[in-house]
Amino acid sequence: MQTRETFIPLSVPNFAGNEKAYVSDAVVSEWVSTGGSKVSDFEAAVAAYTGMPRAVACNSGTSGLHLALLAAGVGPGQEVLAPTLTFIAAVNPIRYAGAQPVFIGCDDSLCMSPAAARAFLQDRCEKRGGKTYNRATGAWVSALLVVHVFGAMADLPAFLELARQWDLVLIEDATEALGTRYTAGPLVGRMAGTVGDVGVYSFNGNKIITTGAGGMLVSNHPDWAEHAKHLSTQAKADELQFLHDEVGYNYRMTNLQAALGLAQLEQLEGFIAHKHARWQQYKAGLDGKNGYRILDFDENGIRPNKWFYSLYLEDPRHDRDGMIAALKVRGIQTRPVWALIHEQADYGKNEAYALEKAQDYRAKIVNLPCSTNLSEEDCQRVIDTLLEL
Ligand SMILES: *Cc1c(COP(=O)(O)O)cnc(C)c1O
């Protein structure tokens, strides 16, 4: 058994702020469920932080993405362009909505490649009557779902242009990217998640801030945000009479979760500074040594949140899984990047396009410990252990 002192986890929460005080407020007030003022306070705080008029709390990033697709009108018979290199929760909601993903490869940001998406649209699709159709399947291609992988900014100007040209809704999975923003250029000041038609954040336990589990939706269409809220609360049209005007969901966040979220949000900028400092330490300690690279984030006019760090194994003699196992024995938790979704059990029949880079990154990336309470000493231990292996 590893002791607590010697085990270095991949990514764990950091509750050094007002978490206990705010959660205790919620318990003392007896508002622990989906009523209570902290949910609306947390919605207002995330709206203010992201510069959006409204934010809609929900019980996970996954449910937020489902609501985003429903609010966007994505439904049966439609196709959505989505990345293959991502967590499966980005894609499953497309199926929940009755639509099908078409998988697109990544660029060196690890996010969906706009060039590959453009090539797919040009080579395989056609526009008729203001809509885009996939020539092979005949399906209406209605949306682009872009993921800001590991807190990197996907190339939103390019995706906005594609969305405009091909009449696609632009959905941003910003579940990993709260705080990532433009610092220069035409989108200066805009946050990841707030540029497309609708965006979603996650507060799962491993994300940059956590509510235990939770999510938040923002939209540039006020009526979409309201519709998402309505769907998340059982589509209740009349509270007293229990009238429901469509099929809704119980996707609500609780007051307890929101209490945690309020305390976490207060610390977000500090967490991001910490993520940057540890990334820099890994970069200085490992990049260019032993056939290791630490993948860069594009910081040209962008402030990424640097949520997760990617060690790229350049040397073909590196054995990724052997390395992960050797690190585990030494009390260091790491993981490979996700298996590609077009290779997962239920997605093998979906179209997949321009996959080479995604396959390469899938084979060669190991994610390193990145908690916001990872100390400089522990980070150095990870570096030294990797250099010894
Ligand atoms: C975490 C995550 C989600 C889902 O968020 P949950 O809150 O865990 O449901 C969706 N997409 C990506 C890319 C994620 O990393």
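Rules of the game
Residues numbered from 1 in each chain as written. Predicted model: local features only at pLDDT ≥ 70, side-chain atom pairs only at ≥ 80, totals over all residues. Heavy atoms only, no water. Patch = residues over 30% accessible without salt bridge, like charges linked within 9 Å, V, L, I, M, F, W, Y side chains within 5 Å. Areas by Shrake-Rupley, 256 points an atom, 1.4 Å probe, with all protein chains shown as cover. Salt bridge = Lys/Arg side-chain N within 4 Å of Asp/Glu carboxyl O. Helix = DSSP H or I, 4+ residues; strand = E, 2+ residues; numbered from the N terminus. Buried < 20%, exposed > 50% of the residue type's maximum accessible area, 1.4 Å probe, protein only. Core = buried A, V, L, I, M, F, W, Y, C linked by side-chain atoms within 4.5 Å. Contact = heavy atoms within 4.5 Å. Pairing = 2+ DSSP bridges. Phe/Tyr/Trp six-rings, centres within 6.5 Å; stacked < 30°, edge-to-face > 60°. Lys NZ or Arg CZ within 6 Å of the ring centre and 35° of its normal.

1. As for a nonpolar patch on the surface
Taken together, the side chains of V27, V32 and L256 define a hydrophobic patch exposed on the protein surface, amounting to about 200 Å² of accessible area. Inspection of the secondary structure assignment puts V32 in the loop between α1 (19–29) and α2 (37–50). When its relative accessible area of 36% is taken as the criterion, V32 is described as partly exposed.

2. With respect to the nonpolar core
Counting residues in hydrophobic clusters, the biggest one holds 123 residues, and the most contacted among them are L144, Y282 and L311. L144 has contacts with V80, L81, M112, A117, F159, L162, A163, L168, V169, L170 and I171, leaving out every residue within four places of it along the chain.

3. A look at the environment of N300
Its place among the elements puts N300 in the loop between β13 (292–294) and β14 (302–303). Put simply, N300 and T183 are 117 residues apart on the chain and 8.4 Å apart in space, counted from C-alpha to C-alpha.

4. Notes on the pairing of strand β5 (residues 131–134)
Successive side chains on a regular strand alternate, one facing one side of the sheet and the next facing the other. Pairing analysis gives 4 bridges linking strand β4 (residues 125–128) to β5, with the strands arranged antiparallel. In the strand pairing of β5, C125 is matched with N134. Linking β4 back to β5 in an antiparallel pair, the connection comprises 2 residues, with G129 at a positive phi of about 55 degrees. Here 2 bridges tie β5 to strand β6 (residues 140–147), and the two strands are oriented antiparallel to one another. When the bridges of β6 are listed, T132 appears paired with V141.

5. As for the environment of P186
Secondary-structure assignment places P186 in the loop between β8 (181–182) and β9 (198–202). Judged by its relative accessible area of 81%, P186 falls in the exposed class. With 115 residues separating them in the primary sequence, P186 and G301 have C-alpha atoms 9.8 Å apart.

6. A few points about the pattern of salt bridges
Counting across every chain of the model gives 19 salt bridges. Across the salt bridge formed by K364 and D360, the nearest N and O atoms sit 2.6 Å from each other. Of this pair, K364 and D360 both sit in helix α11 (residues 356–364), 4 residues apart, which is roughly one turn of the helix. The partly exposed category is assigned to K364, whose relative accessible area is 27%. Residue classification places D360 among the partly exposed positions, given a relative accessible area of 25%. In the salt-bridge network here, residues are joined through shared partners; they are E43, R54, E226 and K229.

7. Observations concerning the packing of aromatic side chains
Counting across every chain of the model gives 11 aromatic pairs. Ring geometry for F42 against F203: centres 5.1 Å apart, planes inclined by 55 degrees, an arrangement best described as tilted. Separated by 161 residues along the polypeptide, F42 in helix α2 and F203 in the loop between β9 and β10 (215–219) bring together distant segments of the chain. Side by side, F42 and F203 carry an identical accessibility label, which is buried. A connected cluster of aromatic rings, assembled from ring pairs, spans F150, W307, F308 and W338. Here the basic side chain of K131 rests over the ring of W140, its NZ or CZ set 4.0 Å away from the ring centre. A cation over an aromatic ring shows up here: K306 above the ring of W279, its NZ or CZ 3.4 Å from the ring centre.

8. What about the pairing of strand β2 (residues 78–83)?
Of all the 6 residues making up β2, 6 are buried; the element is thus mostly covered by neighbouring parts of the structure. The alternating pattern of β2 places Q78, V80 and A82 and E79, L81 and P83 on opposite faces, both of which are buried. Judged from the 4 bridges that link them, β2 and β6 form a sheet pairing that is parallel. Residue pairing in the sheet places L81 in a bridge with L144 of β6. Note that β2 and strand β3 (residues 100–104) share 5 bridges and pair parallel. Looking at the pairing, A82 lines up with F103 of β3.

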